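# Coordinate inspection notes
Here are the chains, one letter per residue:
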Amino acid sequence: MDTQEKIAALNELLEAERAGVEVGTLLKKNAPKGYFRNYLLKIEADEAVSCAVIERGVRALGGEPSKGQNDFAEKVAALPTLIERLDLLARGQWWVVKRIDKLLAEEIPAEVRSELEEMRHEHVVNVDWCNEQVAEMKAEAEETATT
Ligand SMILES: [Fe+2]
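Please read these numbers as outputs of a predicted model, since none were measured by experiment.

## A short note on the overall build of the protein
- When helices and strands are tallied, the protein shows five helices and zero strands.
- Reading the protein from its N end, one meets helices and strands in the order α-α-α-α-α.
- Counting only C-alpha atoms, the protein reaches 60 × 25 × 25 Å along its principal axes.
- Buried positions account for 30% of the 147 residues belonging to the protein.
- Contacts in the protein between residues at least 24 apart in sequence constitute 74% of all its contacts with a sequence separation of at least 6.

## Examining the packing of helix α1 (residues 3–29) against helix α4 (residues 82–104)
- Relative to each other, α1 and α4 sit at 160 degrees, their axes nearing to 11 Å. Comparing their axes, α4 and α1 come out roughly antiparallel. Classified by chirality, the crossing of α4 by α1 is left-handed. Touching Lys-6, Ala-9, Leu-13, Ala-16, Val-23 and Leu-27 of α1 are Arg-85, Leu-89, Val-96, Arg-99, Lys-102 and Leu-103, all from α4.

## Side note on helix α2 (residues 35–60)
- Its 26 residues give α2 an end-to-end C-alpha distance of 37 Å, which sits within 8% of 38 Å, the value for a rise of 1.5 Å per residue.
- All of the buried residues in α2 are Leu-40, Ile-43, Asp-46, Glu-47, Ser-50, Cys-51, Val-53, Ile-54, Gly-57 and Val-58.
- At the exit of α2 stands Gly-62, carrying a positive phi of roughly 85 degrees.

## A word on the packing of α4 against helix α5 (residues 110–146)
- Contact geometry of α4 with α5 gives a least axis separation of 8 Å together with a crossing angle of 155 degrees. Classified by the angle their axes make, α4 and α5 are roughly antiparallel. In the crossing of α4 with α5, the sense of the turn from one axis to the other is left-handed.

## Focus on α4
- If you check α4, its first and last C-alpha atoms are 33 Å apart, about what 23 residues at 1.5 Å a residue would give, namely 33 Å.
- Where the residues of α4 are buried, they touch α1, α3 (72–77) and α5.

## Observations regarding the nonpolar core
- Within the largest apolar cluster, 27 residues are counted, with the highest numbers of intra-cluster contacts made by Leu-10, Leu-13, Leu-14, Val-23, Ile-54 and Phe-72.
- Going through the elements one at a time, α1, α2, α3, α4 and α5 are the ones with two or more residues in this core.
- With nine residues, α1 is the largest single contributor of residues to this core.
- Residues in contact with Ile-54, not counting those within four places in the same chain, are Leu-10, Leu-13, Leu-14 and Glu-17.

## Digging into the environment of Gln-93
- Looking at where Gln-93 falls in the secondary structure, it is placed in helix α4.
- Among the residues examined, Gln-93 registers 26 C-beta atoms within 10 Å and is labelled buried.
- Separated by 16 residues in sequence, Gln-93 and Ala-77 have C-alpha atoms that sit 16 Å apart.
- The contacts of Gln-93, once residues within four sequence positions are left out, are His-123, Asn-126, Val-127 and Cys-130.

Rules behind the numbers
- Residues numbered from 1 in each chain as written.
- Predicted model: local features only at pLDDT ≥ 70, side-chain atom pairs only at ≥ 80, totals over all residues.
- Helix = DSSP H or I, 4+ residues; strand = E, 2+ residues; numbered from the N terminus.
- Buried ≥ 20, exposed ≤ 12 C-beta atoms within 10 Å, placed from the backbone.
- Contact = placed C-beta atoms within 7 Å.
- Axes fitted to C-alpha atoms, helices over the stretch in contact; angles between N-to-C directions.
- Parallel < 35°, antiparallel > 145°, perpendicular 65-115°, else oblique.
- Left-handed = near helix turned anticlockwise from the far one by under 90°.
- Expected span 1.5 Å × (residues − 1).
- Core = buried A, V, L, I, M, F, W, Y, C linked by C-beta atoms within 7 Å.

It is worth stressing that arrangement in space is one thing and function is another; only the former is reported here.
Right under this line is the structure:
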């Protein structure tokens, strides 16, 4: 990747993370107070931090951060159930992890690298959480169906 391609890749991620903030906002809206909702707040906050991280990365490479947002939030909102929404959120976050890996394989400034590594780590943790919730909800649904 040349510098322009790295900037474009970061901006693509930035547009995804902006949508991620909106997904966090959307999901927490209907969630009752408690640990589950608290974790959605964490995801929302992580996505906002990721936006800042990527903006810094774009500037460090001499680029201009995109002001756009992709359509991920609309895709999540279009799904009828929380299970499906969390499942898509997990897959969306995993897509981000793979995109970060591509950037980490390139030569990038050290401070950008370390922030992207942290961002990757938080995304992996959040993917695991989403997948756990999906598995629990599916198990509960099956239990209800059989009793
Ligand atoms: Fe994200």
